[in-house]
Amino acid sequence: MLSVSAQAQNSTEDALAEIVAAQDEVIEEDAPLITAPGNEGYLPLTQAITVTANGLGTDIRNTGQAVSVIDSAEIDRVQGADPTRVLRRVPGLSLARNGGTGGVTGVNIRGANAEQVLVLVDGVRVSDPASPAGGFDFGNLLTGTIDKFDILRGSNSTIWGSDAVGGVMDFSTRTETGARGSVEYGARDTLFASASAGVDDAGVYYGLTGSWFSTDGFSAAADGTENDGFRQLALGMVTFVDLTDSLEAFAHANFSEGDLEIDGFSSAPPYGLVDSADTQKTTRHWGDVGLAYYGNDLTLRGSYSMADTERTNRDGAGLETFSSDGHSQRLALRGEYRLLGGLVAAFGGEHEWSDYRTSSDGTAEVETTGAYAQLGWVMGPLAAHVGGRIDDHEDFGTEATFGGDLSYRMGSDLRLRASLGEGYKAPTLFQLYSDYGNQELEPEQSTSVDLGIEKGQREAGLYLALTGFRRDSDNLIGYVSCFGAGAPAICKPGQFGVYQNVGRARAQGLEAEAGVDVIEGLRLSGVYSFVDSEDRETGLDLARRPRHFGTLFADYRTGFGLDLGADLRISGSRYDDPANLTRLDGYEILDLRASMAFGERLELFGRVENVFDAEYQTVAGYGTAGRGAFVGVRAKM
């Protein structure tokens, strides 16, 4: 079994084909050939490659963990800049957003906090060390440069270290050859343009990506009247150079800058969220550089990566009200050695430096070192992995995590899978060193288990999948007031509050997926999730997590260039606050879309979002988009 690292697996189409071919050696030769009506020219499906499961390029059929992979063709079919419209197709994922596109957006995997999800772009960690809980704001991520979504559901700190409590999400940027571009315009004076180009010649690949998004938006305050717009420029570069037949150099560099108009909170009548002229500017840059070695039995990848997020808030007069800068650097080595037959040893180590600065709290920094080892065995229909990891944090000391998974194929397209994983999240710099900080904090910890069965492949043919899961989390960090009889002893005179390990939570439920080709060209699919997430200290529901949610989607290809599609998002009610005092109603959102291809190089497309103009909220007090129509053109050469 040949695997490669998270970044190197994107080097060239030939490299990917080699990976899949090598991994297919362990798959039954009589597996049925399936074609996807949504694929150009009805090409046979290639097997999805995931890096989130084991940190290395792995055939999705050879892991027992719950993984979803969405490729560029599906992203294009969904249309638009907002990645949450694509993420709705992943079971177990619920979302909450403060206003429109660009607003603070959190993604919950199986009921975990949004900050308990590890987010990678081209394998580089992109969370903001300066944010209070150290999470990633999906409001800053648009689809213009994205080639693939790779999403693991379940704890996996054994491979990834801190933050991998609820799951892991890796977004790959585009690396195709040739050139392509698209532009669309629509409701609320929204313009979205993206382009990518790549050249692969004589062992050297070089690619560029870019996108521009602009919208007048709508009022972030649900009761507001003035529009809150958003504008973002994103640029990316990737290069791969074959130094020898087995040694490759690679580099990624990405930049984005967004300007968001936001509403503020009023302490005088009318209280709450009201119209204001406040703004927030977010500048992000991240990337990596390294070497990858591919021997007969040994694969190695070493890299240096960095990520930086700067935020500046200003009031209506243009005066700065807050600023922050979160920065991280990481040295990493990942490897794999084929011992004998289907037995493989994977290993890796990392050292990370993180620091932050805010206009209100000064600066702080911390270092973390970690290493892991994993054994993988693929023999006929059976694939199994077991591993462990040790991390040493400069402040709280050592944290050990373990995990394992099992996949067993019964026949050519029926598979049983199971996984057990541990996760942890280190206290953030803000939680440790800010005015509310507590340097005695311990890491948040989790143990998750899931068991599933699936038939077929997600993209075509008859596909059925059912997964049951449970995750217990302890030592959850929360903000505790320093006022009243129950104030913690650690509180200092004049201190308003402090962070402490005070929480326990449990999330359990079911995830169901289905897809069927009804007639030639017509495919119906759907995902449904039941997530029972509970605060084990109070017995109440965790805030902003619906118990029931799902998406139904249909795609019809006529055969003469016209494609039609529809997406129906259904969500049950949720509570907005930990005390379960503010209830947000459930909702149903229908999107319709169409595209028309003119040859192989030109395509017109359009859609109507929120066809029935439903009014709903995912965060109390914040508005959501009404009905909107969009049209665009896509071209390639």
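See the structure printed just above.
Residues numbered from 1 in each chain as written. Predicted model: local features only at pLDDT ≥ 70, side-chain atom pairs only at ≥ 80, totals over all residues. Heavy atoms only, no water.

1. Some points on the overall build of the chain
Move 1: A count of helices and strands for the chain gives 5 helices and 33 strands.
Move 2: For 637 residues, the compact-globule estimate of 2.2 N^0.38 gives 26 Å, and the chain sits close to it at 24 Å.
Move 3: The dimensions of the chain, computed from C-alpha atoms along their principal axes, are 70 × 55 × 45 Å.
Move 4: Among the 637 residues that make up the chain, the fraction classed as buried is 56%. (Helix = DSSP H or I, 4+ residues; strand = E, 2+ residues; numbered from the N terminus. Rg over C-alpha atoms; globule rule 2.2 N^0.38 Å. Buried < 20%, exposed > 50% of the residue type's maximum accessible area, 1.4 Å probe, protein only.)

2. Looking at the packing of aromatic side chains
Move 1: Tallying each qualifying case throughout the model produces 13 aromatic pairs.
Move 2: Aromatic side chains F430 and Y499 sit 6.1 Å apart centroid to centroid with 80 degrees between the ring planes, which places their arrangement in the edge-to-face category. Within this pair, whereas F430 is found in helix α5 (residues 429-433), its partner Y499 is found in strand β25 (residues 497-519), the two being separated by 69 residues in sequence.
Move 3: The exposure class assigned to F430 is buried, which follows from its relative accessible area of 12%.
Move 4: Judged by relative accessible area, Y499 falls into the buried class, the value being 12%.
Move 5: Three or more aromatic residues joined by ring pairs make a cluster, and in this case those are F136, F138, F149 and F171.
Move 6: Directly above the aromatic system of W160 lies the positively charged group of R334, at a separation of 4.5 Å from the ring centroid.
Move 7: Positioned above the aromatic ring of F630 is the side chain of R607, whose terminal nitrogen or guanidinium carbon lies 4.5 Å from the ring centre. (Phe/Tyr/Trp six-rings, centres within 6.5 Å; stacked < 30°, edge-to-face > 60°. Lys NZ or Arg CZ within 6 Å of the ring centre and 35° of its normal.)

3. A short note on a nonpolar patch on the surface
Move 1: A grouping of V183, Y185, L191, W212, L233 and L235 is seen on the molecular surface, where their side chains present a nonpolar patch of about 500 Å² in accessible area.
Move 2: Topologically, Y185 is positioned in strand β10 (residues 178-186).
Move 3: Residue classification places Y185 among the partly exposed positions, given a relative accessible area of 44%. (Patch = residues over 30% accessible without salt bridge, like charges linked within 9 Å, V, L, I, M, F, W, Y side chains within 5 Å. Areas by Shrake-Rupley, 256 points an atom, 1.4 Å probe, with all protein chains shown as cover. Salt bridge = Lys/Arg side-chain N within 4 Å of Asp/Glu carboxyl O.)

4. Considering the nonpolar core
Move 1: If you look at the biggest cluster of nonpolar residues, it comprises 25 residues, and the most contacted ones within it are L87, L93, F138, F149, I151, M169 and F171.
Move 2: Mapped onto this core, the elements with two or more residues apiece are α2 (72-78), α3 (84-87), β4 (93-97), β5 (105-109), β6 (117-121), β8 (146-153) and β9 (167-173).
Move 3: Excluding residues within four positions of it along the chain, L87 makes contact with L93, L95, V107, F138, F149, I151 and M169.
Move 4: In this structure, V69, L120, W160 and A164 belong to the second largest nonpolar core, which totals 13 residues. (Core = buried A, V, L, I, M, F, W, Y, C linked by side-chain atoms within 4.5 Å. Contact = heavy atoms within 4.5 Å.)

5. Things to note about the sheet that holds strand β7 (residues 124-125)
Move 1: Strand order in the open sheet made by the 5 strands is β3-β8-β9-β6-β7, with mixed pairing throughout. Each edge of the sheet is formed by a strand with only one pairing partner; in this case those strands are β3 (66-70) and β7.
Move 2: Where β6 lies against β9, 5 bridges are found, and the strand directions are parallel. The residue of β9 that forms the bridge with V121 is F171. (Pairing = 2+ DSSP bridges.)

6. Some words on empty space enclosed by the protein
Move 1: In the structure shown here, the tally under the stated rule is 13 cavities of 30 Å³ or more.
Move 2: As a volume, the largest cavity reaches approximately 410 Å³.
Move 3: Surrounding the largest cavity, 27 residues form its lining, R125, S162, D163, E352 and S354 being those nearest its centre.
Move 4: For the lining of the largest cavity, the elements supplying multiple residues, two or more each, are β17 (320-340), β18 (343-358), β19 (362-379), β20 (382-393) and β22 (414-425).
Move 5: Considering every element that reaches the lining of the largest cavity, the biggest residue donor is β19, with 4 residues.
Move 6: A per-class count over the lining of the largest cavity returns 8 nonpolar, 11 polar and 8 charged. (1 Å grid on protein atoms, 1.4 Å probe; cavity = no way out; pocket = protein on both sides within 12 Å on 5 of 7 lines; lining within 4 Å. Points joined across faces, edges and corners; volume = space filled by probe spheres on them. Nonpolar A, V, L, I, M, F, W, Y, C, P; charged D, E, K, R; others polar.)

7. Thoughts on the environment of I519
Move 1: As for its placement among the helices and strands, I519 is situated in strand β25.
Move 2: Separated by 37 residues in sequence, I519 and Y556 place their C-alpha atoms 9.2 Å apart.

8. Focus: the pattern of salt bridges
Side chains that differ in charge, positive against negative, can pair when their charged atoms come close.
Move 1: Throughout the structure, instances matching the rule amount to 44 salt bridges.
Move 2: A salt bridge links D163 to R125, with the nearest nitrogen and oxygen atoms 3.9 Å apart. Taken together, the residues D163 in the loop between α4 (157-160) and β9 and R125 in strand β7 connect sequence positions 38 residues apart.
Move 3: Residue D163 is classed as buried on the basis of its relative accessible area, which comes to 9%.
Move 4: Given the relative accessible area of 13%, R125 is considered buried.
Move 5: Measuring nitrogen to oxygen at the nearest pair gives 3.3 Å for the salt bridge that ties R547 to D532. With R547 in the loop between β26 (522-535) and β27 (548-557) and D532 in strand β26, this pair connects stretches of sequence that are 15 residues apart.

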